[in-house]
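Commentary on secondary and tertiary structure
Listed below are the residues making up each chain.
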Amino acid sequence: MAGISLKKLNKSYGSHTVVHDIDLEIADKEFIILVGPSGCGKSTTLRMIAGLEEITGGELRIGSQVVNDVPSKDRDIAMVFQNYALYPHMTVYKNMAFGLELRKRPRAEIETQVQEAARILDITHLLNRKPKALSGGQRQRVALGRAMVRHPEVFLLDEPLSNLDAKLRGTMRAEITKLHKRLDATFIYVTHDQVEAMTMADRIVVMKDGRIQQVDTPQALYDRPVNIFVAGFIGAPQMNFLPVTLVRRDGRFAAVFAGRELPLPETIPGEKLAGWEGRELILGLRPENLHDVAPADIDPANTVPLPAVVDLAEPMGAEIHLNVTAGGKAMIARVSPRCKTRDGESLTLVADLAHAHLFDPESEASILHGVA
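Quick notes on the rules
- Residues numbered from 1 in each chain as written.
- Predicted model: local features only at pLDDT ≥ 70, side-chain atom pairs only at ≥ 80, totals over all residues.
- Heavy atoms only, no water.
- Pairing = 2+ DSSP bridges.
- Helix = DSSP H or I, 4+ residues; strand = E, 2+ residues; numbered from the N terminus.
- Phe/Tyr/Trp six-rings, centres within 6.5 Å; stacked < 30°, edge-to-face > 60°.
- Buried < 20%, exposed > 50% of the residue type's maximum accessible area, 1.4 Å probe, protein only.
- Lys NZ or Arg CZ within 6 Å of the ring centre and 35° of its normal.
- Contact = heavy atoms within 4.5 Å.
- Core = buried A, V, L, I, M, F, W, Y, C linked by side-chain atoms within 4.5 Å.
- Expected span 1.5 Å × (residues − 1).
- Arc of directions from axis to C-beta.
- Axes fitted to C-alpha atoms, helices over the stretch in contact; angles between N-to-C directions.
- Parallel < 35°, antiparallel > 145°, perpendicular 65-115°, else oblique.
- Left-handed = near helix turned anticlockwise from the far one by under 90°.

Points about the sheet that holds strand β15 (residues 290-291)
Taking strand neighbours across the sheet as the criterion, the five strands line up as β15-β19-β16-β17-β18 in an open arrangement whose pairing is antiparallel. In this open sheet, the two strands that pair with only one neighbour each are β15 and β18 (329-335). Pairing of β15 with strand β19 (residues 346-352), which is carried by two bridges, proceeds in the antiparallel orientation. Counted as the bridge partner of L290 is A351 from β19.

Set out below in structure tokens:
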């Protein structure tokens, strides 16, 4: 069993702290992804788990063992790096076998493990080549194979797809997800790419400035972000944020934006909003909740027309991203490719407030979904 526990884990370089008191429980066989912008501490956290960075404070357990001072080679982990870290003078076979040879494994066992990993990764035909003769995707498969042959309980992957082109990244995302299910091991994966996080993870850890903002399933993060940072980071294009004032009309709450009242769903518990009457809030609306034509399946009671001017229409094939100005605020709407409105033209968007989010403008915490 290889559950991993991080308790008050932190990392400092002199007086500069880059990871602040991380508390995280990772279940055995879970696929968990650390995501956030560059410099948020996700790779440093991964490297502390790997034993490649000294832990400044806190406790790290792998299984039942505290491993703060256990050398990396004794942690039963395998790491896959962004730059593949293959030995250029060795064949693919030797690269994959090297770790087992260092551990003095029998030659027959090495042969079996390498051939099995190569078969799973579809690189058997590459075993006699050297890394310089491989494509980026092939090198990444070799790096995965080198980790697989050791049968570690924990795989650590640090931005493994960032050097690949967009099409190959999509293919490799699927391959790594299938590999996780097949190997039945714990995967901890670091990326700045929220698409990778949303499509691959059992749970996502969103980080900012060395601190965890929220840990949850991909869908829960999308539907119930606990603060403005998570709401803006998860989802593409990112959520629109509008300055509003909360009012109550005939017992129903509404958000006033640029002089226009946006009725809030009656499903929002009144106690969540009661203390905010007459106060300023930040209202969040995802681009897919702004429509050029009201869909048939949305409740008209939760919609409101929003006059706007198109600044830029970006055709994306299956949809169009409209960069608009509404009420003096820049916004993005995801609309049907059948929309004919173009740059400089006016249109009236239909805002679906059934999926509205509300945030405290000072703390930036969600009023509806609690605090991280």
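That was the structure; now back to the text.
Side note on the packing of aromatic side chains
Two numbers describe a pair of aromatic rings. These are the distance of the centres and the angle of the planes. Applying the stated rule across the entire model yields six aromatic pairs. Consider the rings of F31 and Y189, whose centres lie 5.9 Å apart with planes at 40°: the pair is tilted. Taken together, the residues F31 in strand β3 (residues 31-35) and Y189 in strand β8 (residues 186-191) connect sequence positions 158 residues apart. Residue F31 shares its accessibility class with Y189, and that shared class is buried. Through successive ring pairs, a cluster of aromatic residues spans F31, F155, F187 and Y189. Across the ring face of W276, the terminal group of R279 is positioned such that the distance to the ring centre comes to 4.0 Å. Here R286 stacks its cationic end above the ring of Y222, 4.0 Å away from the centre of that ring.

Looking at the environment of R252
Structurally, R252 can be placed in strand β12 (residues 252-257). In this structure the C-alpha to C-alpha distance between R252 and E266, which are 14 residues apart in sequence, comes to 7.0 Å. With residues near it in sequence (within four places) discarded, R252 still touches V247, P263, L264, P265, E266, A301 and N302.

Comments concerning the nonpolar core
Membership of the largest hydrophobic core comes to 48 residues, with the highest contact counts inside it found for M96 and I176. Excluding residues that lie within four positions of it along the chain, I176 makes contacts with F31, L144, L157, L161, F187, Y189 and M200. V244, L283, L322 and L358 belong to the second-largest nonpolar core, a separate cluster that totals 36 residues.

Observations concerning helix α3 (residues 107-121)
Each full turn of the α-helix corresponds to 3.6 residues, which orients residues three or four apart in the same direction. End to end, α3 covers 21 Å across 15 residues, agreeing with the expected 21 Å (1.5 Å per residue, within 8%). For α3, every residue scored as buried is listed here: I110, Q113, V114, A117, A118, I120 and L121. Around the axis of α3, the buried residues are gathered within 160° of arc, so they sit on the same side. Opposite the packed face of α3, turned more than 90 degrees from it, sit the exposed residues A108 and T112. Remark: D122 follows α3 within two positions and exhibits a positive phi of approximately 60°.

Some remarks on the pairing of strand β2 (residues 16-26)
Regular strands place their side chains on alternate faces of the sheet. In the sheet, strand β1 (residues 4-13) pairs with β2 via seven bridges, with the strands oriented antiparallel. By the bridge assignment for β2, K11 is matched with V19. Counting the residues that bridge the hairpin from β1 to β2 gives two residues, and of these G14 lies at a positive phi of roughly 65°.

Topic: the side chain of T44
Looking at the secondary structure, you find T44 in helix α1 (residues 42-50). Take T44: its relative accessible area is 16%, and that puts it in the buried class. Ignoring anything within four residues of it in the chain, the contact list for T44 reads K11, Y13, V18, V19 and E53.

A word on the sheet that holds strand β11 (residues 240-249)
One open sheet accounts for five strands, arranged β13-β12-β11-β14-β20; its pairing is antiparallel. Edge positions in the sheet fall to β13 (260-263) and β20 (357-359), since each of these pairs with one other strand and no more. Each strand axis lies, on average, 45° off the axis of its neighbour in the sheet, ignoring direction. Inspection of the sheet shows strand β14 (residues 280-285) paired to β20 by three bridges, in the antiparallel sense. Paired with L283 across the strands is L358, a residue of β20.

Some remarks on the pairing of β13
Examined bridge by bridge, β12 and β13 share four bridges and lie antiparallel to one another. By the bridge assignment for β13, V256 is matched with E261. With antiparallel pairing between neighbouring strands as the criterion, β12 and β13 make up a hairpin whose turn holds two residues, including A258 at a positive phi of roughly 50°.

Considerations on the environment of D21
Within the secondary structure, D21 sits in strand β2. The partly exposed category is assigned to D21, whose relative accessible area is 44%. In this structure, D21 is in contact with K8, L9 and N10, ignoring residues within four places of it in sequence.

Considering α1
The element α1 is largely enclosed, with a buried count of seven among its nine residues. Along α1, the residues that are buried comprise K42, T44, T45, L46, M48, I49 and A50. Phi turns positive one or two residues past the end of α1, at G51, with a value near 85°.

Observations regarding the packing of α3 against helix α4 (residues 136-148)
Running from N to C, α3 and α4 cross one another at 140°; their axes reach a closest spacing of 9 Å. Here α4 runs oblique to α3, going by the angle between their axes. Between α3 and α4 lies a crossing of right-handed hand. Two secondary-structure elements touch here, α3 through A117, I120 and L121 and α4 through R141, L144, G145 and M148.

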